[in-house]
Amino acid sequence: MQPFFDFLGHYWWLIFPLGGMAGGWARQWSRASERRHRRKVELYKLKNQTVQAERASQTEVAALTAALDAVNRRWLDYELDVGKLIDFPVMTDVREPLTVAFLRAKREADGLRPAAPGDIASSARLGEYRSAVHAFEVAFDVAEREAKRIKDRNFTEPERQRLATARKLLNIASDNAATPAERQTAYKRARRELDGLIVLPEATLAALEATIAGELNSPRASE
């Protein structure tokens, strides 16, 4: 240790520049640590913003899917109720541009529907889905308002009478108080009255036949 103290005794003045250098190193290290800390904070904020954006995106996708389901249920009300289709025949009339427009919009929105909210990962994909759902909502609203405005005005008086007759016959076909034979006959007559006037979707026919409680599948129904 004595040589070390001798060295300090002769070169004590080195303490000042070395101290300055040590202080500079300490300040540089402090600034570097501060920069690393800021980078960590910025990375954390970016990650948190990304997570929040993903959550917001998935929330919007879920909301859009719920909106799509709501419009589809409104359309299903027509498909499963032949009475509503008779009252508002424009809803199934593919000669009507507004009907064609909402059916096309429905196909596009249904085609873009994700299996799960997380399946839509890009903003472009989300925007496409958003536009499709909104277009379907608007197209259906416009077609439905027009159908309720027009009702059966596009038909001649004899055709309107046939529609009214078909409505009464379908009520009999769905009436549990009627006999099986009466229900079968009413159903067949109703189909003949509607033939050439309204094209009933397959879902409508299936729901109607299910309402008749299987009578159409009995041996007598095929006679």
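A brief structural summary. Sequence order as written defines the numbering, with residues in each chain counted from 1. The model is predicted, so local features are restricted to residues of pLDDT at least 70 and side-chain atom pairs to those at 80 or more, both for listing and for counting; the totals for chains, interfaces and linings are taken over all residues. Side-chain numbers here rest on the full set of heavy atoms in the structure, without hydrogens or water.

Points about the packing of aromatic side chains
Point 1. By convention, a stacked pair of Phe, Tyr or Trp rings (six-membered ring in the case of Trp) has centres within 6.5 Å and planes under 30 degrees apart, an edge-to-face pair has planes over 60 apart, and any other such pair is tilted. Tallied over the entire structure, the rule returns six aromatic pairs.
Point 2. Relative to Phe 140, the ring of Phe 102 lies with its centre 5.2 Å away and its plane at 90 degrees, an arrangement referred to as edge-to-face. With a gap of 38 residues between them, Phe 102 in helix H4 (residues 97–112) and Phe 140 in helix H5 (residues 123–150) connect regions that are remote in the sequence.
Point 3. The buried label goes to any residue with under 20% of its type's maximum accessible area, the exposed label to any with over 50%, and the partly exposed label to all in between, with areas taken from a 1.4 Å probe on protein chains only. Relative accessible area serves as the criterion here: at 0%, Phe 140 is assigned to the buried category.
Point 4. Considering the side-chain rings of Phe 136 and Phe 140, the 6.4 Å spacing of their centres and the 75 degrees angle between planes classify their relative orientation as edge-to-face. Strands here are runs of E lasting at least two residues and helices are runs of H or I lasting at least four, both read from the DSSP assignment and numbered beginning at the N terminus.

A short note on the packing of helix H7 (residues 180–194) against helix H8 (residues 202–211)
Point 1. A fitted line through C-alpha atoms represents every axis, and for helices the fit uses only the stretch in contact; the resulting angles, taken between N-to-C directions, go from 0 to 180 degrees. Put simply, H7 and H8 touch, their axes get as near as 11 Å, and they point 160 degrees apart. Put simply, H7 runs roughly antiparallel to H8. Of the two elements, H7 crosses H8, and the hand of that crossing is right-handed. Residues Arg 183, Tyr 187 and Arg 191 of H7 pack against Leu 205, Leu 208, Glu 209 and Thr 211 of H8. We call two directions roughly parallel when the angle between them is under 35 degrees, roughly antiparallel when it is over 145, roughly perpendicular when it lies between 65 and 115, and oblique otherwise. Rotating anticlockwise by less than a right angle from the far helix to the near helix defines a left-handed crossing, while the corresponding clockwise rotation defines a right-handed one. In what follows, a contact means two residues having at least one pair of non-hydrogen atoms within 4.5 Å.

Focus: the pattern of salt bridges
Point 1. Salt bridges are identified by distance alone: a Lys or Arg side-chain nitrogen within 4 Å of an Asp or Glu carboxyl oxygen. Under the criterion given, the structure shown has 11 salt bridges.
Point 2. Here Asp 110 makes a salt bridge to Lys 106, at a shortest N to O gap of 3.0 Å. With Asp 110 and Lys 106 both in helix H4 and four residues apart, this pair spans about one turn of that helix.
Point 3. A relative accessible area of 29% means that Asp 110 is categorised as partly exposed.
Point 4. Between Lys 148 and Glu 144 there is a salt bridge, with the nearest N and O atoms lying 4.0 Å from each other.

Concerning the packing of helix H6 (residues 157–173) against H7
Point 1. Two numbers describe how H6 lies on H7: the axes approach to 8 Å, and their chain directions differ by 155 degrees. Between H6 and H7, the angle falls in the class roughly antiparallel. Seen along the crossing, H6 lies across H7 with a hand that is left-handed. Where H6 abuts H7, its residues Arg 162, Leu 163, Thr 165, Ala 166, Leu 169, Leu 170, Ile 172 and Ala 173 lie against Glu 182, Arg 183, Ala 186, Tyr 187, Arg 189, Ala 190, Arg 192, Glu 193 and Leu 194.

A few points about H8
Point 1. Of the residues making up H8, those classed as buried are Thr 204, Leu 205, Ala 207 and Leu 208. Summarising the axial view, the buried residues of H8 lie within an arc of 165 degrees, below the 170-degree limit, and thus occupy one face. Among the exposed residues of H8, those oriented more than 90 degrees off its buried face are Glu 202 and Ala 210. In this description, the arc belongs to the directions extending from the helix axis to the C-beta atoms.

Examining a positive patch on the surface
Point 1. On the surface, a cluster of positive charge is made up of Arg 27, Arg 31, Arg 35, Arg 36 and Arg 39.
Point 2. Structurally, Arg 35 can be placed in helix H2 (residues 15–79). Candidate patch residues must exceed 30% relative accessible area and have no salt bridge, after which like charges are joined if within 9 Å and Val, Leu, Ile, Met, Phe, Trp or Tyr side chains if within 5 Å. Residue exposure ignores everything except the shown protein chains as possible cover, and the areas themselves are Shrake-Rupley values with a 1.4 Å probe. Only four residue types enter the tally: Lys and Arg on the positive side, Asp and Glu on the negative side, with His and both chain ends excluded. Charge positions come from single atoms, namely NZ of Lys, CZ of Arg, CG of Asp or CD of Glu.

Some details on unusual backbone geometry
Point 1. Non-glycine residue Lys 151 carries a positive phi angle of around 55 degrees.
Point 2. Tracing the backbone through its elements, the reader meets Lys 151 in the loop between H5 and H6.
Point 3. Exposure remark for Lys 151: the relative accessible area of 45% places this residue in the partly exposed category.

Examining the side chain of Ser 57
Point 1. Secondary-structure assignment places Ser 57 in helix H2.
Point 2. Of the residues examined, Ser 57 reaches a relative accessible area of 15% and is grouped as buried.
Point 3. Those residues in contact with Ser 57 that sit more than four places away from it in its chain are Ile 120 and Leu 126.

Let's talk about the environment of Ala 210
Point 1. With respect to the helices and strands, Ala 210 occurs in helix H8.
Point 2. Overall, the relative accessible area of 57% leaves Ala 210 in the exposed class.
Point 3. For the pair Ala 210 and Ser 174, spaced 36 residues apart in the sequence, the C-alpha separation amounts to 9.4 Å.

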